[in-house]
Structures are given as structure tokens and as C-alpha cells.
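# Architecture and fold: a report
For reference, the chains in residue letters:
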Amino acid sequence: MRILLTNDDGIHADGMAVLERIARTLTDDVWVVAPETDQSGLAHSLTLSEPLRLRQLGEKRFALRGTPTDCVIMAVRKVLDRKPDLVLSGVNAGANLADDVTYSGTVAGAIEGTVHGIRSLALSQAYSYEAGAPIPWHVAETLAPELITKLMGVELPPGTLLNLNFPNCEPQEVKGVEVTAQGKLDFGLSVEERLDGRGYPYYWLRFGDRKGNFRAGTDIQAIRDHQISVTPLKLDMTDYSVQDNIALALNAGVLS
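Our subject in this report is the structure included herewith.

### A word on helix α6 (residues 240–251)
Relative to the 16 Å expected for 12 residues at 1.5 Å per residue, α6 spans 17 Å between its end C-alpha atoms, a close match to the ideal helical length. Sparse coverage of α6 is indicated by the burial of one of its 12 residues.

Right, dumping it as C-alpha cells:
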């Protein structure tokens, strides 16, 4: 089995080292094409106005000055001589849950793999955002290999990827695996204004406390309950439940 690894935290991130160790428990044919620098929050974006600079750092290991989406495209179209059998994106520092998956470069790496018809998984490790709090990488590293092996045996329809989140607890405290739906969180960003050395304003986007619908069966509730969350996501964003209503409105002349 050939596995392609990417992420959004950058090729030198701790989570990439964890992901490499996870992948090497599954196969010896592991390729890494990951961003040269941190690309967090860039979602499923492409680099179209600047050149893509590719550097080889070692055997089957490449850094790209681009986004996670760029990395998967370059790997499939340029670097590898054939498609990988699996794309793993992560392990992200911090969970990717609920509405936040739309911002996530980690999830985007798996999205792009899915676009190319490759089974793709995004992996994220939850942790406390308090200053100085350690990231419990050993949770994902301990539990992901067996979980990925099981998920490889699950038939997925075209256009579906899997979003895996590991809880912030010790591996022995994980209560199981739950197949979940996306939860709902309120908008968690605020705009902080500061002044530079000449008195001109500049701004930081900052995360704050998040409120949400913590109901059973959602990814956010599973992580709160110390369970691994596995959420199937689809590329098709069509809201089929609304199609008929729009068609009726158009046919009735409500819209012109």
C-alpha cells in the first residue's frame, strides 16, 4: 500500500512526525508532500498567482511552498509515478470539528485526495488551548493505526472522506470510537486591534470561548465524552431538501 502524507501545520510540525510514524506501521511505501510553512486556516485553497517551489528534503519527502491542496495536486500530478492508495492529512494540532472543518487545511488535504478518487482521511488531535498545555500526540499515535486499518475495509461511496478527531485524554481513557455527524458551534473569532511602532492599527483574529449544540451523535460531543470521532464528509454540498422548494417557487413565478 502506498500512502501519501500531507498537513497544514507544515512539514516540520510535530504532528507530521507523528503521522509518519503512524503510516509506517501500515506500510513501508510512505511519501510526504507537505507545506514548507504553516498553512493553517487556508481551507481548500489553491496557489494561482505565485509559482509553486518544490524542495526534496529526503527520500520520498518533499516540501512545497504552497497550500495542502497544492501539495496533493503536486504529489499526484508530478512527484509520484502512480496514485497513492491512501491520503492521510494531519495530524493537526487541535481538533477540527463542526463548522471549523470548512476552514481547515487539514481537512482540505483529504478533500483534494478525494477529488482525485483516492481514499482520504483527515486526522486531528484535540488539546487544551490554555497557555503551555501539552498536545497529547501519543493518543493519535497509539490508536490511529488500528482504526485506520479497520476503516480501510469500509466501502466508501465516491466523493466521501473521513474526518478523524482524537480526544484530549490518555489513550487508556478513550471510551471508544463513535461515528458522528458535524456539530454546530457559534462563530469563535474576534478581531483584536493593536498599534504598531508608528501608531498605525493592525489586527489579529483571535479564538475565544465557543458555545454550541453539544448533542449526542455529534463530533463535538464525542470529543467531550473522550471518544474518537469519525465523521464521513461529502464533497457534494447540494442541499437536496431545498431543491423542490426552489423549483416550486420558480414554477409559480415567485422568482424571475
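Now, onward.
### Structural notes on the sheet that holds strand β3 (residues 54–58)
Strands sit in the order β3-β4-β2-β1-β5-β6-β7-β13-β8 across an open sheet of nine strands; the sheet is mixed. Among the strands making up the open sheet, the edge pair consists of β3 and β8 (177–179). Going across the sheet, the axis of each strand differs from the next one's by a mean of 20°, ignoring polarity. Both β3 and strand β4 (residues 61–64) contribute to a ladder of four bridges, which runs antiparallel. In the sheet register, Gln56 faces β4, and the bridge partner there is Phe62. Lying on the sheet, helix α3 (residues 105–115) is in contact with β1 (2–6), β5 (86–93), β6 (119–125), β7 (160–166) and β13 (228–234); it crosses β6 at an angle near 170°.

### What to know about a nonpolar patch on the surface
A cluster of nonpolar side chains, contributed by Val191, Tyr203 and Leu205, occupies part of the molecular surface with about 360 Å² of accessible area. Tracing the backbone through its elements, the reader meets Leu205 in strand β11 (residues 201–207). A relative accessible area of 60% places Leu205 in the exposed class.

### Overview of the pattern of salt bridges
For the structure shown, the criterion picks out 13 salt bridges. The salt bridge partner of Arg61 is Glu20, with a shortest N-O separation of 2.3 Å. A residue pair is termed long-range when its members are at least 10 positions apart, and Arg61 in strand β4 and Glu20 in helix α1 (residues 14–24) qualify at 41 residues. Accessibility expressed as a relative area gives 15% for Glu20, which makes it buried. The closest approach of N and O atoms between Glu141 and Arg21, which form a salt bridge, is 2.8 Å. Of this pair, Glu141 sits in helix α4 (residues 137–152) while Arg21 is found in helix α1, placing the two residues 120 residues apart along the sequence. For Glu141, a relative accessible area of 27% translates into the label partly exposed.

### So, the environment of Leu162
Structurally, Leu162 is set in strand β7. In this structure, the C-alpha to C-alpha distance between Leu162 and Val79, residues 83 residues apart in sequence, is 24 Å. Filtering out sequence-adjacent residues up to four positions away, Leu162 remains in contact with Ser120, Leu121, Ala122, Leu151, Leu156, Val230, Thr231 and Pro232.

### Some points on α1
Taken together, the buried positions of α1 are Gly15, Met16, Val18, Leu19, Glu20, Ile22 and Ala23. In this structure, the buried side of α1 is in contact with β1, β2 (29–35), β4, β5, β6 and α4.

### Section: the nonpolar core
Ranked by size, the top nonpolar core spans 31 residues in total, and within it Leu5, Leu88, Leu121, Leu123, Leu164 and Phe166 carry the most contacts. Of all elements in the fold, only β1, α1, β2, β5, β6, α4, β7 and β13 reach the threshold of two or more residues within this core. Here this core gets seven residues from one element, more than from any other, and that element is α4. Sequence-distant contacts of Leu5, defined by excluding residues within four places in its chain, comprise Met16, Leu19, Glu20, Ala23, Val30, Trp31, Val32, Val33 and Leu88. Judged by nonpolar contacts, the second largest core, of 14 residues, contains Trp31, Cys71, Met74 and Ala75.

Definitions and cut-offs
- Residues numbered from 1 in each chain as written.
- Predicted model: local features only at pLDDT ≥ 70, side-chain atom pairs only at ≥ 80, totals over all residues.
- Heavy atoms only, no water.
- Helix = DSSP H or I, 4+ residues; strand = E, 2+ residues; numbered from the N terminus.
- Expected span 1.5 Å × (residues − 1).
- Buried < 20%, exposed > 50% of the residue type's maximum accessible area, 1.4 Å probe, protein only.
- Pairing = 2+ DSSP bridges.
- Axes fitted to C-alpha atoms, helices over the stretch in contact; angles between N-to-C directions.
- Contact = heavy atoms within 4.5 Å.
- Patch = residues over 30% accessible without salt bridge, like charges linked within 9 Å, V, L, I, M, F, W, Y side chains within 5 Å.
- Areas by Shrake-Rupley, 256 points an atom, 1.4 Å probe, with all protein chains shown as cover.
- Salt bridge = Lys/Arg side-chain N within 4 Å of Asp/Glu carboxyl O.
- Core = buried A, V, L, I, M, F, W, Y, C linked by side-chain atoms within 4.5 Å.

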